[in-house]
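This is what each chain is made of:
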Amino acid sequence: MEQQTVRTTLILPKDLLEATDKAIESGKAKSRNEFVTRGLRRELAAEKRAEIDAALAEIANDLEYQREVLQMEAEFAPPQWEALKLEINRSPY
């Protein structure tokens, strides 16, 4: 499926454009468009990861969440121990 594109204009620092052209000349991209598109995708992905990391950091400081995790760990500890003992007993070693 072909992606829809939109033509736009960018104003870039001269040294950044020169470095982009050198990267294209060395075969790192087919065109300025491809190079810029890849860079934007990477930056947007990094921003998304940062948002997720921030949300996870917020959860780590949530006392109610921590209590729930500890409760679940306590509830699952006996079944986990039983499963481990069964696996150890089946092991040929």
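For the structure itself, look to the data block above.
Bear in mind that the values here come from a model prediction, so they are computed numbers and not experimental data.

Conventions we followed
Residues numbered from 1 in each chain as written. Predicted model: local features only at pLDDT ≥ 70, side-chain atom pairs only at ≥ 80, totals over all residues. Heavy atoms only, no water. Patch = residues over 30% accessible without salt bridge, like charges linked within 9 Å, V, L, I, M, F, W, Y side chains within 5 Å. Areas by Shrake-Rupley, 256 points an atom, 1.4 Å probe, with all protein chains shown as cover. Salt bridge = Lys/Arg side-chain N within 4 Å of Asp/Glu carboxyl O. Helix = DSSP H or I, 4+ residues; strand = E, 2+ residues; numbered from the N terminus. Buried < 20%, exposed > 50% of the residue type's maximum accessible area, 1.4 Å probe, protein only.

A. Focus on a nonpolar patch on the surface. A contiguous nonpolar patch, built from I52, L56, I59 and Y65 and spanning about 360 Å² of accessible area, is present on the exposed surface. Ranked by residues supplied to the nonpolar patch, first place goes to helix 2 (residues 32–60) with 3 residues. Relative to the elements of secondary structure, I52 occurs in helix 2. Residue classification places I52 among the partly exposed positions, given a relative accessible area of 45%.

B. Region of the structure containing the pattern of salt bridges. If you walk through the whole model with that rule in mind, you get 5 salt bridges. In this structure, the salt-bridge partner of E51 is K48, at a minimum N-O distance of 3.9 Å. You can see E51 and its partner K48 sitting in helix 2, 3 residues apart, about one turn around the helix. For K48, a relative accessible area of 48% puts it in the partly exposed group. For the salt bridge of E64 with R67, the shortest nitrogen-to-oxygen distance reads 3.3 Å. Separated by 3 residues within a single helix, E64 and R67 lie in helix 3 (residues 63–90), roughly one turn from each other.

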